[in-house]
Amino acid sequence: MNYFVTGGSRGIGAAIVLQAVREGHDVAFAFKGNREAAARVEAEAQQVRPGCQCKGYVLDVSDAEQVTEVGDQVLGDFDGIGVVVNCAGINRANLVVSMADEEWHSVLATNLHGPFYVIRQFLPTMLASRFGRIINVSSIQHSGAAGQANYAASKAGLHGLTASLAKEYGRKGITANVVVPGFFDTDMTRDSMPPQAKEYWAQYCPMPKGRMGRTDELATVVTFLAGPGGGYINGQVIPVTGGLDWTY
């Protein structure tokens, strides 16, 4: 079973790519521009499972034409895609009163329009095989966060998109689910997570020492949903938060 993972060159996306390879799957992944990071993921995949097919593709998921072009290339390079994981995302924090149009539109374009374009691209091949797994990576901020109206709106929209997919295509053998990470140790959280939020998480998350999540822990949830054990899970929101489901 072949995967297509967006945002696959770093963080959670890279962990999902490598976990899928580890479990015996071939993986195409998209990245926006960091070729060195993508090359590292490809090289590590070969160490995990020598001879696997793991290939990165430069793609701006917010561009519908690019998604079509790259998606067709992926389908030509791989023998079908059975699993789509939307992990690419950006964050442009600002208060609503100060938020520029570009800050609003760029986040919605990448975090919500992008998953829609990617899913639409690969749905026909899933429908033809009457099998598919769509897994969208959201955020605990989908329910709202100060200074994150654009990001929260994009993730809330992702939940609605996923629920609609589950209802439209479940009878066709295609499931759609959302995974909601808490705070994981990634570039995004290291760069944009305020110190007071880190302190809050460390104090109140009901895990040993209030630790942040590890990307491999989230990756195994994703591959479970894509595998045989997840076959009857459809239209669900799966929190992977360590037990703390809201932010400071």
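The text that follows walks through the structure, step by step, so that each part is easy to find. (Residues numbered from 1 in each chain as written. Predicted model: local features only at pLDDT ≥ 70, side-chain atom pairs only at ≥ 80, totals over all residues. Heavy atoms only, no water.)

Things to note about the overall build of the protein chain
- Looking only at helices and strands, the protein chain has eight helices and seven strands in total.
- Taken over C-alpha atoms, the radius of gyration comes to 17 Å for the protein chain, in line with the 18 Å a tight globule of 248 residues would show.
- Counting only C-alpha atoms and orienting by the principal axes, one finds that the protein chain spans roughly 45 × 40 × 40 Å.
- Relative to all contacts within the protein chain whose residues are 6 or more apart in sequence, the contacts with residues 24 or more apart total 72%.
- When the accessible surface of the protein chain is summed, it comes to about 11,600 Å², and 52% of that surface belongs to carbon and sulfur atoms.
- For the protein chain, the distance from the average position of its 20 positive side-chain charges to the average position of its 23 negative side-chain charges is 6 Å. (Helix = DSSP H or I, 4+ residues; strand = E, 2+ residues; numbered from the N terminus. Rg over C-alpha atoms; globule rule 2.2 N^0.38 Å. Contact = heavy atoms within 4.5 Å. Areas by Shrake-Rupley, 256 points an atom, 1.4 Å probe, with all protein chains shown as cover. Lys, Arg positive; Asp, Glu negative; His and termini not counted. Charge placed at Lys NZ, Arg CZ, Asp CG, Glu CD.)

Regarding helix α1 (residues 11-22)
- For α1, which comprises twelve residues, the first-to-last C-alpha distance of 17 Å matches the rise-based estimate of 16 Å (1.5 Å per residue) to within 8%.
- Along α1, ten of the twelve residues are buried, which leaves the element largely enclosed by surrounding structure.
- By the burial criterion, the buried members of α1 are Ile12, Gly13, Ala14, Ala15, Ile16, Val17, Leu18, Gln19, Ala20 and Val21. (Expected span 1.5 Å × (residues − 1). Buried < 20%, exposed > 50% of the residue type's maximum accessible area, 1.4 Å probe, protein only.)

Looking at the pairing of strand β3 (residues 54-58)
- Sheet topology places strand β2 (residues 27-31) next to β3; five bridges connect them, and they run parallel. By the bridge assignment for β3, Val27 is matched with Cys54.
- Read as a crossover between parallel neighbours, the route from β2 over helix α2 (residues 35-48) to β3 is right-handed. (Pairing = 2+ DSSP bridges. Right-handed = clockwise from strand over helix to strand, strands pointing away.)

With respect to the environment of Pro239
- Mapped onto the elements of the fold, Pro239 is located in strand β7 (residues 237-240).
- In the structure, Pro239 is positioned 186 residues away from Gln53 in sequence and 30 Å away in space, judged by C-alpha atoms.

Quick notes on the pattern of salt bridges
- Scanning the entire structure with this criterion turns up four salt bridges.
- A salt bridge links Asp77 to Lys55, with the nearest nitrogen and oxygen atoms 3.2 Å apart. Of this pair, Asp77 sits in helix α3 (residues 64-77) while Lys55 is found in strand β3, placing the two residues 22 residues apart along the sequence.
- Among the ionic pairs, Asp216 bridges to Arg214, the shortest N-O distance being 3.1 Å.
- The exposure class assigned to Arg214 is partly exposed, which follows from its relative accessible area of 43%.
- Members of the salt-bridge network, linked through shared partners, are Arg214, Asp216 and Glu217. (Salt bridge = Lys/Arg side-chain N within 4 Å of Asp/Glu carboxyl O.)

Quick word on the sheet that holds strand β4 (residues 83-86)
- An order of β3-β2-β1-β4-β5-β6-β7 is seen for the seven strands of this open sheet, with the pairing classed as parallel. Here the strands that pair on one side only, and so sit at the sheet edges, are β3 and β7. Direction aside, neighbouring strands of the sheet carry axes that sit 20° apart on average.
- As judged from the three bridges shared by strand β1 (residues 3-6) and β4, these two strands associate in the parallel manner. For Phe4, the partnering residue across the bridge sits in β4 and is Val84.
- Sheet contacts for α3: β1, β2 and β3; angle to β3, the most-contacted strand, approximately 165°. (Axes fitted to C-alpha atoms, helices over the stretch in contact; angles between N-to-C directions.)

Examining the packing of aromatic side chains
- Taken as a whole and judged by the stated rule, the model has three aromatic pairs.
- Residues Phe4 and Phe122 carry aromatic rings whose centres are separated by 4.9 Å and whose planes lie at 40° to one another, so their mutual orientation is tilted. Of this pair, Phe4 sits in strand β1 while Phe122 sits in helix α4 (residues 101-129), and the two are 118 residues apart along the sequence. The burial state of Phe4 is the same as that of Phe122; both residues are buried. (Phe/Tyr/Trp six-rings, centres within 6.5 Å; stacked < 30°, edge-to-face > 60°.)

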